[in-house]
Structures are given as structure tokens and as C-alpha cells.
Amino acid sequence: MLTIPDAVREAFGGALSLLLPAWCAGCDAPDAVLCADCRAALAAAVRAGRPPRTLSSGIRVHAAVEFSGIPARVIRAFKEEGRTGLARPLGTALAVAVGAALTSASAGDDVVVVPVPSSRAAFRRRGHHVAELIARRGGLEVARLLRVDAATADQRLLGRGERAANVAGSMRARGAPGVQVIVVDDVVTTGATLREAARALEAAGATVRGAAAVASTSRVWREGG
Ligand SMILES: [Zn+2]
């Protein structure tokens, strides 16, 4: 069933293009949040798949696509330009990665999907948690077991070692004893954020069965996590 905002958007799609960004996030074509060609390119990248990557902490990460080209442009437009209409196609990609993570972990119905929370500064800037919004738009049920417990610097400004130090000890989990978890995030670069999320969840008694992301960078891929 359509919610009221969805119904309004359907009914006034043309008129809303006056208010919403009217160019494609992937290729700048006019009159589309994401044009048919870029939507197809994103879907093809998801179908092509990526092999899972194992972080140094042993967590297997399934990413739907490589963080490059059209998928990277779409993710940046969503995160940096506030184009929340892109959360749905990104969520569809994330749901595929979560499916792969569940299959890989031979995980049953008792596994919960836990999104990595955005930093405090990022949440203040955007008004939502990126991974949670993408997961929800992808039709995933999520459990908000993690919260950011300490202020952190913007990871994008930091190098690999600095990123790990920046997020270490920054998260706390609650309601986690005995819970089986797949952790989800939007983009995996060094893996530092996922490792911190897993540390916090396991410190609170959860078992992390794997992780999933919309995209993963190939630079870190070659470095092996
Ligand atoms: Zn396009």
C-alpha cells in the first residue's frame, strides 16, 4: 500500500520535478532522479556481483557493486546532495548483498540486520542514518542495536591507519545478547567502520555472522581488507 507521501509523489511526479533535482544522478540527463540507462547499469552491476571480501577481523563482507562509475555517483548524490529518492535503488542493491551474506553464513530467519549508524556530525547534517535509510528503502527490516557513543572526525579526510584509530571504541550496542547479526553499511573502504561495529556488537554479546554493503572499493580489495 502506498503511504501518503508516496501517493502524492506518484500523482504529482511531473510537478515535483520543479522541486526535486531534475537531472539523473548517474549521468546528468534531465528529468529523472535516475534515468532508465543508469538504472539498468546499476542493476547490471548488481547482477554481475562481486566476490566477498574478508576483513582482517575475519568478517566476510558482501558488497553489491564496486564503488566506481555510476554506482559511486549515485551513492555520492544520495549522501552529499541529499537526494533521498536514490535510497530505493541503492536499497535494492543492498538487499541483494544481504541475501548473499545470509546464504554465505548459512544463516536462518533468526538473523537480524543491523545498520552501522552515521557519525553524530553526519546525522546532524543529513537528518537520517545513511545505512538505515538505504536498508529500509530496500525493504529490509532492521534492528537499531548500535549507536555512536563518541564524536569522530570525518572518515573521508583520513588515511587508512587514521580511520581505524578514529572509529575505534566509538560505538556501543544494546539489546544484543545472543543475537545473530548481519551488519550493513553503504560503502566499505578500509573496513574500519565495520570492524568497530562488529566489536561493539560482540562486546554486547551478539554473534556477527557477516556483513553487507552497497559498494566496496577495489583499492582496498587488492590490499585484502
Ligand atoms: Zn543517467
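Everything numeric in this text was worked out from a predicted model, so none of it was measured.

Participant: Quick rundown of the sheet that holds strand β6 (residues 180–188)? Include the residues and the values.
Facilitator: Overall, mixed pairing links the 5 strands, which are arranged β1-β2-β7-β6-β3 in an open sheet. Edge strands, defined here as strands with exactly one partner in the open sheet, are β1 (53–54) and β3 (111–115). Where β3 meets β6, 5 bridges bridge the pair, whose relative direction is parallel. Bridge pairing in β6 links Pro115 to Val184. Strands in contact with helix α5 (residues 87–104) are β2 (60–66), β3, β6 and β7 (207–216); relative to β7, the strand with the most contacts, it is inclined by about 145 degrees.

Participant: If you had to explain helix α7 (residues 130–137) to someone new, which residues and values would you point to?
Facilitator: Across the 8 residues that make up α7, a large majority, 6, are buried. Among all positions in α7, only Val130, Ala131, Glu132, Leu133, Ile134 and Ala135 are buried. Downstream of α7 by a residue or two, Gly139 has a phi angle that is positive, lying close to 85 degrees.

Participant: Got a sec to walk through the environment of Arg144? Specific residues and values, please.
Facilitator: You can see Arg144 is positioned in the loop between α7 and β4 (146–148). Sequence-wise, Arg144 and Val114 are 30 residues apart; in three dimensions their C-alpha atoms are separated by 6.1 Å.

Participant: Mind laying out unusual backbone geometry, listing which residues take part and the relevant values?
Facilitator: The backbone phi angle of Asp28 is positive, close to 70 degrees, even though this residue is not glycine. Considering the arrangement of structural elements, one finds Asp28 in the loop between α2 (13–16) and α3 (36–48). Judged by C-beta crowding, with 10 C-beta atoms within 10 Å, Asp28 ranks as exposed. Despite not being glycine, Asp31 has its phi angle at roughly 65 degrees, a positive value. Note on placement: Asp31 falls in the loop between α2 and α3.

About the cut-offs
Residues numbered from 1 in each chain as written. Predicted model: local features only at pLDDT ≥ 70, side-chain atom pairs only at ≥ 80, totals over all residues. Pairing = 2+ DSSP bridges. Helix = DSSP H or I, 4+ residues; strand = E, 2+ residues; numbered from the N terminus. Contact = placed C-beta atoms within 7 Å. Axes fitted to C-alpha atoms, helices over the stretch in contact; angles between N-to-C directions. Buried ≥ 20, exposed ≤ 12 C-beta atoms within 10 Å, placed from the backbone.

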